[in-house]
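Understanding the architecture of this molecule
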Amino acid sequence: MRDILPADKARRERVLSVIRERYLAHGFDEIETPVVEEYSRLHAGIGGDNEKLAYNVLRRGLDADAIRNAADDPAALSDLGLRYDLTVPLARFYASNRGQLPAVFRSIQIGAVWRAERPQKGRYRQFVQCDIDIMGDDSSRAEAELMVASLDAVDALGLEGATVRINDRRVLDWMLDSFGFAAEERPGVLITIDKLDKIGPDGVAAELRERGAAASAVDAFEAFLRRPQTMEYNPFGERQIRKALPENAPVEIVAHLVGIGEAVAAGRAQSDIPLVFDPFLVRGMGYYTGTIFELAHPSVDYSLGGGGRYDGMIGRFLGQQVPAVGFSLGFERLVDLVADGADAEAQAIVLIHDADVPVAELLAHKTALIGTGARVRLERRTKNLKALLERASAEGYTGFAMITAGATELEVKPLS
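Residues numbered from 1 in each chain as written. Predicted model: local features only at pLDDT ≥ 70, side-chain atom pairs only at ≥ 80, totals over all residues. Heavy atoms only, no water.

1. Remarks on the nonpolar core
Using the following cut-off: Only buried Ala, Val, Leu, Ile, Met, Phe, Trp, Tyr and Cys residues count toward a nonpolar core, and they belong to the same one when joined by side-chain atoms within 4.5 Å. Relative accessibility under 20% of the residue-type maximum defines a buried residue, over 50% an exposed one, and the middle range a partly exposed one, all with a 1.4 Å probe and only protein chains included. A helix here means a DSSP run of H or I that spans at least four residues, while a strand means a run of E at least two residues long, and both kinds are numbered starting from the N terminus. Only heavy atoms matter for contacts: two residues are in contact if any of them lie within 4.5 Å across the pair.
Counting residues in each nonpolar core, the largest one holds 93 residues, and the members touching the most others are Ile19, Met147, Phe181, Phe221, Leu295 and Leu329. Counting residues per element, this core draws most heavily on helix α6 (residues 140–156), at 9 residues. Once residues lying within four places of it in the same chain are set aside, the contact partners of Phe181 are Leu176, Arg186, Val189, Leu208, Ala213, Ala217, Val218 and Phe221.

2. A closer look at the pairing of strand β11 (residues 324–330)
For a regular strand, side-chain orientation follows a simple rule: the groups alternate between the two sheet faces. Rules: In this scheme, strands are said to pair when DSSP sees at least two bridges between them.
Most of β11 sits inside the fold, with 6 of its 7 residues counted as buried. Across 7 bridges, strand β6 (residues 126–135) lies against β11 in antiparallel orientation. Bridge pairing in β11 places Ile134 opposite Val325. One ladder, built from 5 bridges, connects strand β10 (residues 305–309) with β11; its direction is antiparallel. Bridged to Gly305 within β11 is Leu329.

3. What about the side chain of Arg309?
Applicable threshold: We define a polar contact as two N or O atoms separated by no more than 3.5 Å, with the added condition that, inside protein, one atom must be a possible hydrogen donor and the other a possible acceptor, whereas residues neighbouring each other in sequence contribute only through side-chain atom pairs.
Note that Arg309 resides in strand β10. Within polar-contact distance, the side chain of Arg309 engages the backbone oxygen of Asp137 at 3.1 Å. In terms of polar contacts, Arg309 uses its side chain to reach the backbone carbonyl oxygen of Ser139, at 3.5 Å.

4. Some words on helix α16 (residues 385–394)
To be explicit about the condition: Relevant arc is that of directions from the helix axis to the C-beta atoms, nothing else.
For α16, the complete set of buried residues consists of Leu388, Leu389 and Ala392. One side of α16 holds all its buried residues, which, seen down the axis, span an arc of 95°. Across α16 from its buried face, at more than 90 degrees, point the exposed residues Lys386 and Ala394. Looking at the buried positions of α16, the neighbouring elements they touch are β12 (348–353), β13 (375–380) and β14 (399–403).

5. Here we look at the pattern of salt bridges
Put simply, the test is: Salt bridges are identified by distance alone: a Lys or Arg side-chain nitrogen within 4 Å of an Asp or Glu carboxyl oxygen.
Within this structure, the stated rule accounts for 34 salt bridges. Measuring nitrogen to oxygen at the nearest pair gives 3.0 Å for the salt bridge that ties Arg165 to Glu294. Of the two residues, Arg165 sits in strand β7 (residues 163–168) while Glu294 sits in strand β9 (residues 291–296), which places them 129 residues apart along the sequence. A relative accessible area of 26% means that Arg165 is categorised as partly exposed. A relative accessible area of 14% means that Glu294 is categorised as buried. Put simply, Glu222 and Arg226 hold a salt bridge, and the shortest N to O gap is 3.6 Å. Within this structure, Asp202, Arg209, Asp219, Glu222 and Arg226 form a network of salt bridges that share partners.

6. Here we look at the packing of aromatic side chains
As a reminder, the rule being used: Two rings from Phe, Tyr or Trp (for Trp, the six-membered ring) form a pair when their centres are within 6.5 Å of each other. A pair whose planes differ by under 30 degrees is stacked, one over 60 is edge-to-face, and the rest are tilted.
Here the structure, examined in full by the defined rule, presents 10 aromatic pairs. For the pair Phe93 and Phe105, a centre-to-centre distance of 6.4 Å together with 25° between the ring planes defines the contact as stacked. Here Phe93 is found in helix α5 (residues 87–97), whereas its partner Phe105 is found in strand β5 (residues 105–114), with 12 residues between them in sequence. On the basis of an interplanar angle of 55° and a centroid distance of 5.4 Å, the ring pair of Phe179 and Phe221 is categorised as tilted.

Take a look at the structure:
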């Protein structure tokens, strides 16, 4: 968890405003949910490893004896917890407010979430997520809308060239079944497959054997990874998908992925289709039921966001199934990549004054400049004027003016 200094805060708000504006332009509506949720919702077995990282809130009114008696039962100690993502709160929100929402609801959620991570570069215990979700649409249009809107937001931040790796959890299940992995061992197998880009085919095969996975299934999987392949380039579509999968892939799932690609291509008419099929994309959240995807950019070797379809989650709260799919931008990673830039909307001016200038004159000059649309700060002149100006420039100010008592006009000079 970090303190955010003024210059960094201004930069973060600028990036957030761009993301929010692009999402609104694509027809999404912003909502807000509480930072706490009921313990039972946060630990319902749908949040994957994030459930283990949740910050729980101690029940009120417990005395020392009650705490000791419940020491081995977290649910008895806590009835609330800080949200570890925005998807679980959204499912509860939709179930609670469905009667006031349209049949197909497109939401924006931007806010902080908390996980008890081991802090390291790019990984924090409090961080901001920028989510868009569509509920009530089970067609490929929903995934396509999310991808087009998210890519538009990333483009608007100056990070053109982003692509989306895409897969389907149903494809993964079918592949594991075709290789011969038993249903009960698949969660562990997926954890290992998710490391393919880090440890390679040899490492994956070795770890699967260490896990005790069926030897025949591991052999079949390893043979598939090592199959001869031509180096021809295929744009996203049926040929690319089928070439990356074992033979006889399910027609319905392939058609669903192809439909997403065609829709995204129509929505990104000014650029090449930015989708790449990755049959070994896993994503660890337990609630994904269909399409899954991650946002990639050539400037970094990690994802900048991702999401997927979670058709089974809302039904846990509502009692009836509602199709849902979401895309989350990794704000903390994005903000580090966006080029610095002062707000183009207005000048930012520092008014430097001597101690003897009357307050009435200072506020009159300040108000006049604010009336032109400028951002204005008053600073008393110091002996080290250079240090004062350097600090103002670092904080995003673009100009300065000196004020003396009785001055009627100001000369604004650039800081750079």
